[in-house]
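Summary of structural features
Okay, here's what each chain looks like letter by letter:
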Amino acid sequence: MRITKNEILKKDYSVTVRCDEHTQLGVKKLLMVGPKVGNAIVGAAVAFDLLADFLIESGTHVFQIDMTGNGTPVSGAMRVGRIYEILKQVLKSYLIMPRVSMMYLVISTSKPGFVKDFLLIWCALLLRRRVVLHLHGGGYRDFYAHSARPLKWLIRNTLGRADRIIVLGELLRDQFAFLNNRTSICVVPNGVSTDNGTPFWIPKEIPKKSQPWKFLYLSNMMQSKGYMVLFEACKTLVQRGQNRFHVDFCGAFLSSVSEAPSAESTISDEERFKHEVSMEPMVSFARYHGTVAGDNKCKLLRDAHFLILPTVYPWEGQPISIIEAMASGTPVISTRHAGIPEEVDDGKSGWLMNTDFTATTLADYLSQAMSCTTENYSDMSRQSREKYLREFTEEQYLSRMLSALTFED
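Residues numbered from 1 in each chain as written. Predicted model: local features only at pLDDT ≥ 70, side-chain atom pairs only at ≥ 80, totals over all residues. Heavy atoms only, no water.

Throughout the structure, instances matching the rule amount to 16 salt bridges. Arg141 is paired through a salt bridge with Asp174; the nearest N and O atoms lie 2.5 Å apart. Of this pair, Arg141 sits in helix H5 (residues 140-145) while Asp174 sits in the loop between strand E6 (164-167) and strand E7 (185-187), placing them 33 residues apart in sequence. The class of Arg141 is partly exposed, set by a relative accessible area of 39%. Residue Asp174 is classed as partly exposed on the basis of its relative accessible area of 32%. Within this structure, Asp379, Arg382 and Glu386 form a network of salt bridges that share partners. (Salt bridge = Lys/Arg side-chain N within 4 Å of Asp/Glu carboxyl O. Helix = DSSP H or I, 4+ residues; strand = E, 2+ residues; numbered from the N terminus. Buried < 20%, exposed > 50% of the residue type's maximum accessible area, 1.4 Å probe, protein only.)

This is how it looks when you write it as structure tokens:
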């Protein structure tokens, strides 16, 4: 069921900029520029679509410019054809800009991406439109640090003029530590719907002795997200004789400029992984589902005993898959990276590894997971669900976003 603005405003979620019954967006026409859900489902696109749909149903006239593009996404990269697509979208934005009073922009963490942001932000500023920027991830601090001095000056003098900059968590405020005035930075954690396909929720239980522990990987299939480390950890479990488990891998294969392909490699990561999964002994313990959504994803989350996300992805922010797991009461094994420690309470709703972990380290955590008692596991499940309800619901996300987009004249 879609949430309306009135329902949001009736609730007090103790956000930084408080919403109440008298709060109105104050913007009748808004330009939103960012990624929309396409062939590859990424957290930023899911959040973008959720916000756009909410504002439209609340009566705001929203112009949407999709920056996803066509073809297979390559995180952190920019092809010639992709540059042409982006320039077309920038020109569309220029035509729309005079008709709106605010621009909401999901910003990028690359040089070509900053050129796009620069062109859009300065157009809005010259037209005296309000500018709200949203960093859906991390990596901006490193992007700035590795930029040449003239580019650093441009970044500071462009982003510093925004009316507001949104980050996903307190741990991600330092992405903009280079700005002289950081009072415009506000925190809006991600959020997902409480509708997990069940009429009520109770803590999960450990599997019966005849049933396997179910591990779930739910993210894009990228080396830096850790899918291959998880696969190797599961092979280690089998070698140890710990074979009472099954692991489901879900997500689309994406490339990243941070992951240089091997010079002698003649097959893609996807082909290699599908071959590995089909070979003995792992064919009995692992399955690759591809991209999942809807009822299929809900069932996988309900059935899973642990979500496993061993990520060191350079542009990681606050993974929505972890929040989806928490919503279903699924404990999480992940890393002390980016905004993840604000999602997972280490030792309570899951476990966090240091970022220098190995496949053997992860195998030890999986062994620890399979050694949970009924009481310990159910308590982890309960704490995971409770943390979600306290901080990461869809209602809370939309309430905070409405506050972030609201200004007192």
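Resuming the write-up.
A residue-level look at the protein finds 85% of positions with pLDDT of 70 or above and a mean pLDDT of 89. Residue range residues 8-23 is modelled with pLDDT below 50. Its contacts to residues more than four positions away, or to other chains, number 28 contacts. (pLDDT = per-residue confidence, 0-100. Contact = heavy atoms within 4.5 Å.)

Read across the open sheet, the six strands follow the order E2-E1-E4-E5-E6-E7; overall the sheet is parallel. In the strand order of this sheet, the two ends are held by strand E2 (61-66) and E7, each with one partner. Strand-to-strand twist across the sheet, computed as the mean angle between neighbouring axes with direction ignored, equals 20°. The sheet contact formed by strand E4 (residues 102-106) and strand E5 (residues 130-134) spans five bridges and is parallel. Bridge pairing links Tyr104 to Val132 in E5. (Pairing = 2+ DSSP bridges. Axes fitted to C-alpha atoms, helices over the stretch in contact; angles between N-to-C directions.)

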